[in-house]
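Each chain, written out:
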Amino acid sequence: MADVLDTRDQLTAPAPAPEKPERRKHRFGRPVTWVTALVFGFFFVNLAGVIGVPLVDSFGTRWFTSWLPDGWTTKWYGSAWQEFSLGQVFWTTALVSVLVVAISVVVGVPAAYALARRDFPGKRLVLLLFLLPILVPPITYGIPLATVLYKFQLAGTLTGVVLANLVPSVPFVVLTMTPFIEQIDPRIEAAARMCGAGTSAVLLRILAPLLVPGILAASVLVLVRTVGMFELTFLTAGPDSQTLIVALYYAVFSAGIRTQQSIDAMAVMYTLSMLVLLVIALRFVNPTQLVTRVKEDTGSH
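As the structure is a computational prediction, the values presented were derived from the model and not from experiment.

How each quantity is defined
Residues numbered from 1 in each chain as written. Predicted model: local features only at pLDDT ≥ 70, side-chain atom pairs only at ≥ 80, totals over all residues. Heavy atoms only, no water. Helix = DSSP H or I, 4+ residues; strand = E, 2+ residues; numbered from the N terminus. Buried < 20%, exposed > 50% of the residue type's maximum accessible area, 1.4 Å probe, protein only. Contact = heavy atoms within 4.5 Å. Areas by Shrake-Rupley, 256 points an atom, 1.4 Å probe, with all protein chains shown as cover. Patch = residues over 30% accessible without salt bridge, like charges linked within 9 Å, V, L, I, M, F, W, Y side chains within 5 Å. Salt bridge = Lys/Arg side-chain N within 4 Å of Asp/Glu carboxyl O. 1 Å grid on protein atoms, 1.4 Å probe; cavity = no way out; pocket = protein on both sides within 12 Å on 5 of 7 lines; lining within 4 Å. Points joined across faces, edges and corners; volume = space filled by probe spheres on them. Core = buried A, V, L, I, M, F, W, Y, C linked by side-chain atoms within 4.5 Å. Phe/Tyr/Trp six-rings, centres within 6.5 Å; stacked < 30°, edge-to-face > 60°. Lys NZ or Arg CZ within 6 Å of the ring centre and 35° of its normal. Axes fitted to C-alpha atoms, helices over the stretch in contact; angles between N-to-C directions. Parallel < 35°, antiparallel > 145°, perpendicular 65-115°, else oblique. Left-handed = near helix turned anticlockwise from the far one by under 90°. Nonpolar A, V, L, I, M, F, W, Y, C, P; charged D, E, K, R; others polar.

Just checking my understanding: could you explain the overall build of the protein chain for this structure?
Helix and strand counts for the protein chain stand at 14 helices and zero strands. Each of the 301 residues in the protein chain was classed as buried or not, and the buried ones make up 36%. Looking at the protein chain alone, contacts between residues at least 24 apart form 73% of all its contacts between residues at least 6 apart. Accessible surface computed for the protein chain: about 19,100 Å², of which carbon and sulfur atoms make up 68%.

Which parts of the structure should I look at to understand a nonpolar patch on the surface?
On the surface, Phe40, Phe43, Phe44, Leu47, Val50 and Ile51 cluster together into a nonpolar patch covering about 610 Å² of accessible area. In this structure, Phe43 sits in helix 2 (residues 31-57). Here Phe43 falls in the partly exposed class, since its relative accessible area comes to 46%.

Would you mind showing me how to read the layout of surface pockets here?
Any empty space left between the atoms is revealed when a probe the size of a water molecule rolls over them. In this structure, the largest pocket occupies an estimated 320 Å³ of space. As for the largest pocket, its lining consists of 13 residues, and the residues nearest its centre are Val50, Ile51, Ala267, Val268 and Thr271. Taken together, the elements giving at least two residues each to the lining of the largest pocket come down to helix 2 and helix 13 (260-284). Broken down by element, the residue count for the lining of the largest pocket peaks at seven residues, all from helix 13.

Hey, could you run me through the nonpolar core in this one?
Nonpolar side chains in soluble globular proteins tend to be buried together. Counting 33 residues, the largest nonpolar core has Val174, Met177 and Leu211 as the members making the most contacts within it. Counting residues per element, the ones that place at least two in this core are helix 4 (86-117), helix 5 (123-135), helix 7 (158-182), helix 9 (199-210) and helix 10 (212-228). In terms of residue count, helix 7 provides more of this core than any other element does, eleven residues in total. In contact with Met177, not counting residues within four places along its chain, are Val109, Ala112, Leu211, Gly214, Ile215 and Ala218. Residues Trp76, Val224, Val246 and Val268 belong to the second largest nonpolar core, which totals 25 residues.

Explain the packing of aromatic side chains here, please?
Two aromatic rings are characterised by how far apart their centres lie and by the angle between their planes. Inspection of every chain in the model, using the stated rule, returns nine aromatic pairs. When the ring of Phe230 is compared with that of Phe234, the centres are 5.2 Å apart and the planes differ by 20°; the resulting orientation is stacked. Ring geometry for Phe234 against Tyr250: centres 5.8 Å apart, planes inclined by 35°, an arrangement best described as tilted. Separated by 16 residues along the polypeptide, Phe234 in helix 11 (residues 231-236) and Tyr250 in helix 12 (residues 244-253) bring together distant segments of the chain. Note on Phe234: relative accessible area 27%, which makes it partly exposed. Overall, Tyr250 belongs to the partly exposed group, its relative accessible area being 31%. Lys75 extends its terminal NZ or CZ atom over the ring of Trp76, reaching a point 4.7 Å from the ring centre.

When you look at the pattern of salt bridges in this model, what are you seeing that I'm missing?
Overall, the coordinates contain two salt bridges when judged by the stated rule. In this structure, the salt-bridge partner of Glu189 is Arg117, at a minimum N-O distance of 2.9 Å. Of this pair, Glu189 sits in helix 8 (residues 186-194) while Arg117 is found in helix 4, placing the two residues 72 residues apart along the sequence. As a salt-bridge pair, Asp185 and Arg187 come within 2.7 Å of each other at their nearest N and O atoms. Classification of Arg187 by relative accessible area gives exposed; the value is 64%.

Even after reading the chapter, I still don't get the packing of helix 4 against helix 7, so can you show me in this structure?
When two helices pack together, their arrangement is given by the angle between their axes and by how far apart the axes lie. Interaxial distance between helix 4 and helix 7 falls to 6 Å at its minimum, and their mutual angle equals 40°. One finds that helix 4 runs oblique with respect to helix 7. Crossing of helix 4 against helix 7: the hand is right-handed. Taken together, the residues that form the contact of helix 4 with helix 7 break down as 22 nonpolar, six polar and two charged.

No statement about biological role is implied by the geometric values presented.
Written out as structure tokens, the structure is:
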């Protein structure tokens, strides 16, 4: 009888839970993890070298065989400011950037509004034309553009540099502003028109306050692009219309003997200016927004 009861208890008892396979605790032992860590480490070491070597050299007196310079000084920054006329260069860079930003916003915002609100024949072709200066390397259309500007005697002047930089800057404004305009409910504009507001009143009093974040984002994006644009500015700039990046190029590769520490000091000033602009840009612009927009637009074709 006891054997029967034991058998019945074994049949009615719940089955033991299957044993779960043990998870690997040492994830850092995987080869993929080590390869990824080595790749990132190699990248950051090179980045630190590219930034750190000019930075250290710009403060050093002599630096030949030792790990660090023999002494430290800040005189190279003053020397670079005087030798390369950086006051004029910074003024030219700021003037070109402000003009390009202003004209790009004035032209790009209405164009973005038309693309966001209107359907017209050839709209996809117009959008494709706006995408081409962004998708195509600047040097491919920079040489023909510079040839045209030289033909009309605009190259080598401030006007020519501004016109050349407008070619990629206006599409940036259009592609940045179009999503902002599409997010605004068209019924707001319709209600304003029903109340008697004209087109100018709708644009200035209704849409403009709503588009301020988008305009700021587009402006900062164009500003960073213009300061860092080398190809178009190099092909169209003259002695009195060089931006900082072109002046840095001439300081490195033009004929003559120049102190390496002064050139490194100039490079550090350029890097710091770009770093400040990028930090400001990231506060207004989501880097994935423009990329996503470009992918959507190109995918629609």
